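Secondary and tertiary structure notes
Chain residues, written in single-letter form:
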Amino acid sequence: MKVLEALYRLLLLGLERETRRRHGDEMLHAFARALSDAREQGSARAARTAAAMLTDLTRCALADASRSAARFVREVSRSLPAGAGPGRQLSLALRRAQRSPIASVAIVASVALSTGAATGLFAVADSLLLRPLPVHDPDRLVLVAEGQRRNSSWPYPIWKEIERARVFDVAAWDRSSQRGGLRDGLVKVEVLWVSGGYFELLGLRAHLGRLVSEADAGRAAPVAVLSHRFWRSRFGGDTGVLGRSLVLDEAELVVVGVAPEGFGGIEVDRAFDVAVPYDTEPLVRGERSTLGSPYDWGIRIVGRLGEGDSPDAASARLRAVQPRIKAATLRPGGAPEYEAEYLSDPLRAAPVASGVSWLGDRYGPALWVLLGTVGLLVALAATNTASLLAARVLRRRTELGVHSALGATPFRIAAPILLESLLLTGAGVALGQCIAAGCSRYLLSSVEATPHAMGRASPLELRVVLFAVVLLVAVAAFSGLVPALRAARTDPLAALRGSASGERRGRLAGVLVANQLALSLALLIVAGLAIQTFLALAARPLGFDGRGLLVAKLDFEEHPVPDLAARLERLVWRAREAVLSLPEAGSAAGSLVTPLSGMATSAVWFCGDGGATRGTGSTHLNFVTPGWFATYRTRLVAGRDFLPEDAAGGPGVAIVNRALAEALPCDVPLLGAVIHPRDEQLRPGPPLTIVGIVEDAVYRSYRETPPPTVYRPWSQVVDAGFAMTPVSISVRPRPGAAVPLPGRIEAAIRDLAPGLSVEVEPFARRLEHAVRSEHLLAVIASGLALLGALLAVLGTYGVVSHEATGRQREAAIRVSLGASTTSLWLLALRRAVLVLGVGLLAGEILGFALGRAALARIGATLPATPLTYAGTAALLAVATLAAVAIAAGRAVNAQPSRLLRETD
Amino acid sequence: MGRREAEALLPLKPSWLQVLLSLAGDARHGYAIMQEVAERTGGKVRLWPATLYGTIRQLEEEGLVRSDPHGSDDPRRRCYQLTPLGREVLAAEMRRLEQLVRLARARGVVGS
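This report concerns the structure included in the present document.

Conventions used here
- Residues numbered from 1 in each chain as written.
- Chains lettered and ligands numbered in written order.
- Predicted model: local features only at pLDDT ≥ 70, side-chain atom pairs only at ≥ 80, totals over all residues.
- Helix = DSSP H or I, 4+ residues; strand = E, 2+ residues; numbered from the N terminus.
- Contact = placed C-beta atoms within 7 Å.
- Nonpolar A, V, L, I, M, F, W, Y, C, P; charged D, E, K, R; others polar.
- Pairing = 2+ DSSP bridges.
- Axes fitted to C-alpha atoms, helices over the stretch in contact; angles between N-to-C directions.
- Parallel < 35°, antiparallel > 145°, perpendicular 65-115°, else oblique.
- Left-handed = near helix turned anticlockwise from the far one by under 90°.
- Buried ≥ 20, exposed ≤ 12 C-beta atoms within 10 Å, placed from the backbone.

Notes on the overall build of chain B
What chain B contains, in helices and strands, is 5 helices and 3 strands. The N-to-C order of helical and strand elements in chain B reads α-α-β-α-α-β-β-α.

Regarding the overall build of chain A
Counting its regular elements, chain A contains 28 helices and 21 strands. Counting only contacts in chain A whose residues sit at least 6 apart along the sequence, the fraction spanning at least 24 positions is 83%.

Concerning the interface of chain A and chain B
At the junction of the two partners, chain A supplies 16 residues and chain B supplies 16 residues. Breaking the side of chain A that touches chain B down by element, the ones donating at least two residues are α2 (17–39) and α3 (43–79) of chain A. Tallying contributions element by element places α2(A) first for the side of chain A that touches chain B, with 11 residues. Looking at the side of chain A that touches chain B, its residues break down into 8 nonpolar, 3 polar and 5 charged.

Concerning the pairing of strand β11 (residues 550–556) of chain A
All names here are of chain A. One ladder, built from 5 bridges, connects β11 with strand β20 (residues 727–733); its direction is antiparallel. When the bridges of β20 are listed, K553 appears paired with S728. Pairing between β11 and strand β21 (residues 756–762): 7 bridges, direction antiparallel. For V551, the partnering residue across the bridge sits in β21 and is E761.

Some remarks on the packing of α2(A) against helix α3 (residues 30–40) of chain B
Contact pair α2(A) / α3(B): the axes reach a minimum separation of 9 Å and the direction vectors enclose 50°. Between α2(A) and α3(B), the angle falls in the class oblique. Along this stretch, α2(A) crosses α3(B), giving a crossing that reads as right-handed. Taking contact as the criterion, the partners of E26(A), A30(A), R33(A) and A34(A) in α2(A) are, on α3(B), G30(B), Y31(B) and M34(B). In the contact of α2(A) with α3(B), the residues fall into 4 nonpolar, 1 polar and 2 charged.

Quick word on the pairing of strand β19 (residues 709–713) of chain A
Residue and element names in this part refer to chain A. Here β19 lies mainly inside the structure; 5 of its 5 residues are buried. The alternating pattern of β19 places T709, Y711 and P713 and V710 and R712 on opposite faces, both of which are buried. In the sheet, strand β16 (residues 653–657) pairs with β19 via 2 bridges, with the strands oriented antiparallel. The residue of β19 that forms the bridge with V656 is V710.

Concerning the packing of α2(A) against helix α4 (residues 49–62) of chain B
Two elements in contact, α2(A) and α4(B), have axes whose closest approach is 9 Å; the angle formed by their N-to-C orientations is 145°. Crossing angle aside, the handedness with which α2(A) passes α4(B) is right-handed. Two secondary-structure elements touch here, α2(A) through T19(A), R22(A), H23(A), E26(A), M27(A), A30(A) and F31(A) and α4(B) through P49(B), A50(B), Y53(B), G54(B), I56(B) and R57(B). Looking at the contact of α2(A) with α4(B) residue by residue, the class counts come to 7 nonpolar, 3 polar and 3 charged.

What about the sheet that holds strand β2 (residues 65–67) of chain B?
All names here are of chain B. With antiparallel pairing, the 3 strands of this open sheet are ordered in space as β1-β3-β2. Among the strands making up the open sheet, the edge pair consists of β1 (28–29) and β2. Examined bridge by bridge, β2 and strand β3 (residues 79–82) share 3 bridges and lie antiparallel to one another. Looking at β3, one finds that V65 is bridged to L82.

Structural data, given as structure tokens:
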């Protein structure tokens, strides 16, 4: 409530002063009362009322602003000299800019780099996080999600239950890659499986022909709708495509339409090529069909809320029917505790107006931090421009004094300076648009975005263009207003005397320099923290050494695999032997899961003695061959590794990690203790004796605390009911081994079984992928910070140098009166140190606040790092003092006799 | 100001008409005008604070509305009332609308 009132109060500032003065308090009072009355009718009503009142105020403020602007333009045209039209004024401004080419180029370049980076980043943020889906009324779209997750997916029975419950209008989609196209040219095609009402729910109309509809369910001739992009790229935009047949894996479909341009699905960074009714899936995928399966959790459910409905209300309605919905996927014989937990995890309707973006979810926080950082850089560039333009104003003070003495109004003196600022910053922002395109491309290619996602981040998008225009106005206004006001306040007498009010001139220069230093230091601190976060994360102990490892993923091309249970165990042993026979392989081991693969198998364990339950814990589970711990360099703390004797049908054995030892309250020594496994639904398995304890290691994700983990011997994988693919062989090359090992590993394994696919990946890629967001943040923030520091130091040099030149006459008089060079140095440095101190202090405070906000945004926690704060300040202080010394040296070392002669 | 001058302000902007109509009975403060308009129009017309007070300011400047000197002492709840000119302008607008309705009836656009 208070925040909304504060916002309303802030927006009131946009109204004409007279309206504000006469009715401001009344408006605030009415706003508060209306809001309080609306709250009594529920939070949704209050939100709508607040939004309506804020919109109303914004609209009135814009109308007032446009009236003021019209008055301003009338005033400007009246104040311009007769015959000096806009063209003439522009040419004069250009000529002035040409008179100091270095400063002009510096302004254009700094504005171009900073606004280009800002626009590029905004284009990426807009495409991934902000832009509404190109569908009808996207604000009313929601995803059916579970708990705090937004990207929940569901099995078919749950989709059917939700559809039946009619809590709100729903549609479903799923994705897969298939081989498809025209019969003579099959390619990999991204297929969007949609329920009949998908396109209707989104309110879309076909670009050509028609879209998939409810009437397509169970149709004898299956249909397909092409995406606009696919239609243009594969069919050359041929309107005769309707009615042609399209091959998709095992089926032949009839093309009935083309989706509207710009629509690539709700998943914005993964566009579809062909949309097909979900009921057609068994025809296309044959035996691999997952339609109807309660175990394939791949379906996303999108809903459209009715007029006046809200996500909160819809979530409440979902929760009311959730036990019935979830009961559809319970397996027979499950444990009641498990079922109760599963049934109570709350469903909710999550707003999805801007679509679902995997890249946005993963890189969004870093992107916001970068946008904040680049905002600092833009502010720095604007301050720099203001300094340089202010210096020009001071140089022209005699001319401005003459104008003022001849009766020019302050506005007439200031207007050309504003125009000059607009001209230079305008050129900078225009040039920045080219940099923006490169910046977005670099960023998106760094995160391995699809061509579709890259195409969306265009600097020509309306919102991005508007952003650039707002930047231009803000930068031009800030950088032009300071010198323009300075010029408008020119005292004709002082200016004509040739002695500018030194005190005031120095104060303005000091404020601008301190401002630049503060912004630059804040940038350096944020970059320093980003680097520290990345380094801390990269050096995080994982519990194994993944560097140099190669992982071969083994899978079968056809599913389901005939006789998998009979073949799987033997296959891994043979693959391991084949790899070990390569002279370059140092060690190799097979496993069901490899760390950081994103896959996990879990189980629940009871610790017991003679069958008596003592404690329980949920753990991760892996099946590994002997040598797995040695290959991953995970330390065996106690006991032994698995042996070939731990065979199928033999006594059950397990190796556990320390985290499990701590999680289980066993009152017997852990080594030799017996644990009793249960599957996810608490169904019991045979008891296992702990034969070894290993160091903790992360399992599924890089950032997790190593979870309690149980390792079981590979030979017992089939007995334990885990005959599944893919499986992996991890290989550590012999030190100094030849590099092209991946190809040799693949060749050694590929022919072990018909239809076997082998994919060899360096483990380092997973490590790099896990910290890519932080790496990118550190690299880009450092680049921006270095650019900022360079701008600040050059800006400081420019201002100090100009000021020192202005003070040369004063210095010359002091020297001729007997002042020593040392005293002049001390005078120059005293002022510099004062400005530097104020700038650095402000920068430390700003950097501390922004740094904390940035760390919170990316979910990182760092201990207090005085080195970052002190080190960056020292770096900037040294660079600035060097610039000051060079500039001041010119004034101090000037020849007094020559100067006094020249100025007289 | 005579009748002719009152007609120079016609036709009234919708927000002007709503505020004048609202004040035709008693003097009201701003929030009461907001509520009255919303109730009278069944929520179809909402005059939110910025539009309402912008309108009041314009009506004050045209001399159609003034703040009631005997109203609330609280400057945040000032009461407003019609001036004689405001009443005259409202009546003129109503006559204009009446004529229009009469014309529409005569041409069968709406039933009588």
